Amino acid sequence: MRKIIIATIILCSMFLTGCGSADVYDKLYLKTLYITENSDCSARMEFFGDNSQDITAHGSSFEKVRENARISGGKDVFMGHCEVIVLDSVKDPAKLLTKLLNEWRIPPSCYVVCGKDLTTSQYSINVLTIKSAVEQGKAPECDMVTVLGELLGDKKSASVAEFTADGGFRLVTVS
Amino acid sequence: MSKNKISFGQFAALLLISDAFAIICMRGRIGTPMALGILTAAAIQSVAAIPAVALCRKNFKISSSGTLWLKSILLAFSVMWGGALLINVWNTAKAIYIPSVFDNRIGDKLLISLLIAAVCLYVTSCGLKAIARAAVIAAGFGVICLIVVVVGAIGRIEPHYLEFTGSDSGYLDGIIGGFALGGSFGAYLMLLEKSADSVIKTTVFYFAGRIFFVALISFITISVVGAIMSITQFPFITAAELSQPLSSQRLDSIFAVVFVIFAILSISLQGIAISYLLKAIFPKFDKFRSLTSVAAMLCAAVILNVLAVGTKFYGMATALTAIAPAILLVARRRKNVCVK
């Protein structure tokens, strides 16, 4: 009898594994994040998936932006696979990247680049372009940890690539 | 092997898992002076173990021969440390990113913490031999994870972060922090009499392993996380996240599983120590000791969390517990001298 009870409890605990609680289609998986911070904040989010559409959201803070993006998309936004973050006129890059790393759980290997008016355009940055530029030495190492480390270091600045809507590319210094 | 005795490998695996869990859950910045302080604390504890070894070699057993004050101190300390470990599980859950099962209808962290406590209750009731065998297997997985972290860290090590700078936490803070991380010393004192092998061999193996592990993980953490140490809440967890050897597959899920297993074994170890001490202090207390142990640790966790007890408290408590064997040894020798 005791073995039956223990076996029943163990079998019931399988319902607690969470395996059947979510479908991959229940979430939007962020691929590229374009961020602008002026008087308020705005962001354009690109997602994985062939049929996915970009979402542009605005708000007084980035928490509001994320919440509005969730409402616009109708699904929760999962940021753990984000490949590129594009800083488009951001006042405090170090503070923003710290929030993205610690609170939004953006992966440390995510690339950080700058963009000129990309939040409001339809231009899409390909992560392979960035990887190729880094490998060829045309762009510095620009993963999240490297850029954040330089911003938090003695120089308080980091050299990153900047992309423009017409496909242009150059090196800039953020601080 | 005698009944309810464990080998030196099982002994070391049990205690090293508990130490590793405490270190993984450590919060705040760590620099080279602090790391040296933590290592110094480990070395001091290894010296503090000498009186315990001497007592054990004279067939002194805390459970049967120990004075009431010693048993009470160890009991209070084990309850406190068990509560501290439960608080570590609570605080570190957000960094480990455990996904929701019930879509936030029930407090996820609360549910997971209660599940861990329930599993700890079961593991505690299984006894020392069972947990010791499980600890060896879990320690093996832990070693594999450590090797993966070391391999992944090779390309990311930046030695200049190991240099002393004016902004680092001090050496003395590191010593106090090291004592605060060494709460398994109470379980060491309690379980030394359960060692089937030579107590000297057991002690040397355990403390050597501990000092090596602390040195290695501190070196990797400081050199890999150094650039973003100022914004990192859990430096050792961040070091594991950054040290991913395979770019195509993240290993966070494996680390999360190992974290939970280490948490359960660490808390259960304290539960077993508390059970033994309850039996030693109250010989007629036979049933529901495991339940009492877990309940006591949960209460201690709530109280310590409400009081917002800090590192210095844990450090002082561990340091005071560490000198208990020395006081007892001196007292016994004085008694023997008086008798002569």
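Quick caveat: nothing in here was measured; it's all calculated off a predicted structure. (Residues numbered from 1 in each chain as written. Chains lettered and ligands numbered in written order. Predicted model: local features only at pLDDT ≥ 70, side-chain atom pairs only at ≥ 80, totals over all residues.)

Draft legend 1. Region of the structure containing the overall build of chain A. Secondary structure summary: chain A contains five helices and eight strands in total. For chain A, the α and β elements follow one another from N to C terminus as α-β-β-β-α-β-β-α-β-α-α-β-β. Taking 2.2 N^0.38 as the reference for a compact globule, 175 residues should give roughly 16 Å; the C-alpha atoms of chain A span a radius of gyration of 20 Å, well beyond that estimate. Pairs at least 24 apart in sequence give 60% of the contacts found in chain A among residues at least 6 apart. (Helix = DSSP H or I, 4+ residues; strand = E, 2+ residues; numbered from the N terminus. Rg over C-alpha atoms; globule rule 2.2 N^0.38 Å. Contact = placed C-beta atoms within 7 Å.)

Draft legend 2. Inspection of the overall build of chain B at higher detail. Across its full length, chain B holds 13 helices and zero strands. Going from the N terminus to the C terminus, chain B shows its helices and strands as α-α-α-α-α-α-α-α-α-α-α-α-α. Computed over the C-alpha atoms, the radius of gyration of chain B is 20 Å, within 12% of the 20 Å expected from 2.2 N^0.38 for a compact globule of 340 residues. If one aligns the C-alpha atoms of chain B with their principal axes, the spans along those axes are about 65 × 50 × 40 Å. Contacts spanning at least 24 positions in sequence make up 88% of the contacts within chain B whose residues lie at least 6 apart.

Draft legend 3. Examining the nonpolar core more closely. Ile85(A), Val86(A), Val112(A), Val113(A) and Ile17(B) are the most contacted members of the largest nonpolar core, which totals 154 residues. Broken down by element, this core gets its largest block of residues, 16 residues, from helix H11 (residues 252–281) of chain B. Excluding anything up to four places from it in sequence, Ile85(A) contacts Leu33(A), Ile35(A), Leu100(A), Ile106(A), Cys110(A) and Val112(A). (Core = buried A, V, L, I, M, F, W, Y, C linked by C-beta atoms within 7 Å. Buried ≥ 20, exposed ≤ 12 C-beta atoms within 10 Å, placed from the backbone.)

Draft legend 4. Molecular detail of the pairing of strand E1 (residues 27–37) of chain A. Residues and elements named next belong to chain A. Of all eleven residues in E1, eight are buried, a share of seventy percent or more. Two strands pair when backbone bridges link them, and E1 and strand E4 (residues 76–78) are joined in this way by three bridges, in the parallel orientation. The residue bridging Lys27 from the neighbouring strand is Asp76, located in E4. In this structure, E1 lies alongside strand E2 (residues 41–47), joined through seven bridges in antiparallel fashion. In the sheet register, Leu30 faces E2, and the bridge partner there is Phe47. Once E1 ends, the chain turns through three residues before running back antiparallel as E2. Pairing geometry for E1 and strand E5 (residues 84–87), over four bridges, is parallel. Residue Tyr34 lies in a different strand from E5, and its bridge partner there is Val86. (Pairing = 2+ DSSP bridges.)

Draft legend 5. Spotlight on unusual backbone geometry. Look at Lys156(A): it is not a glycine, yet its phi comes out positive at around 55°. One can find Lys156(A) in the loop between helix H5 (144–152) and strand E7 (158–164). On the neighbour-count criterion, Lys156(A) (11 C-beta atoms within 10 Å) is exposed. Notably, Phe288(B) is not glycine yet its phi reads approximately 65°, a positive angle.

Draft legend 6. Quick peek at the environment of Leu269(B). Residues and elements named next belong to chain B. Looking at the secondary structure, you find Leu269 in helix H11. Leu269 gets classed as buried once you count the C-beta atoms within 10 Å, which come to 32. Taking the C-alpha atoms as reference, Leu269 lies 31 Å from Arg333; in sequence the two are 64 residues apart. When near neighbours in sequence (up to four residues on either side) are disregarded, Leu269 contacts Leu14, Ser18, Ile131 and Ala187.

Draft legend 7. Examining helix H5 (residues 108–126) of chain B more closely. All names here are of chain B. With 19 residues, H5 should cover 27 Å at 1.5 Å per step; its first-to-last C-alpha distance of 27 Å lies within 8% of that length. Here H5 has its buried residues at Cys120, Val123 and Thr124. The arc that holds every buried residue of H5, seen down its axis, measures 100°, which confines them to one face. The secondary structure elements touched by the buried residues of H5 are helix H6 (128–153), H11 and helix H12 (289–307). Residue Gly127 follows H5 closely and has a positive phi angle near 100°. (Expected span 1.5 Å × (residues − 1). Arc of directions from axis to C-beta.)

Draft legend 8. Here's a closer look at the packing of helix H1 (residues 8–24) of chain B against H6(B). All names here are of chain B. At a closest axis distance of 8 Å, the pairing of H1 and H6 adopts a crossing angle of 60°. It follows that H1 is oblique to H6 by the angle criterion. Seen along the crossing, H1 lies across H6 with a hand that is left-handed. Across the interface between the two elements, Gly9, Gln10, Ala13, Leu14, Leu16, Ile17 and Ala20 from H1 touch Ile131, Ala132, Arg133, Ala135, Val136, Ala138, Ala139 and Gly142 from H6. Residues belonging to the contact of H1 with H6 are distributed by class as follows: eleven nonpolar, three polar and one charged. (Axes fitted to C-alpha atoms, helices over the stretch in contact; angles between N-to-C directions. Parallel < 35°, antiparallel > 145°, perpendicular 65-115°, else oblique. Left-handed = near helix turned anticlockwise from the far one by under 90°. Nonpolar A, V, L, I, M, F, W, Y, C, P; charged D, E, K, R; others polar.)

Draft legend 9. Representation of the packing of H5(B) against H12(B) within the structure. All names here are of chain B. H12 packs onto H5 with a crossing angle of 145° between their chain directions and a minimal axis gap of 9 Å. Here the hand of the crossing between H5 and H12 comes out right-handed. Contacts between H5 and H12 pair Ala117, Cys120, Leu121, Thr124 and Ser125 from the former with Ser290, Leu291, Ser293, Val294 and Leu298 from the latter. For the contact of H5 with H12, a count of residues per class yields six nonpolar, four polar and no charged.

Draft legend 10. Structural context of the confidence of the model for chain B. Per-residue confidence for chain B gives a mean pLDDT of 86, with 91% of residues at or over 70. Per-element confidence in chain B ranges from a low mean pLDDT of 74 for helix H3 (residues 62–65) of chain B to a high of 94 for H1(B). (pLDDT = per-residue confidence, 0-100.)

Draft legend 11. Main features of the environment of Ser61(A). All names here are of chain A. Structurally, Ser61 is set in the loop between strand E3 (55–59) and helix H2 (62–73). For Ser61, a count of 12 C-beta atoms within 10 Å gives the class exposed. A sequence separation of 18 residues divides Ser61 from Ala43, and the C-alpha atoms of the two residues are 11 Å apart.

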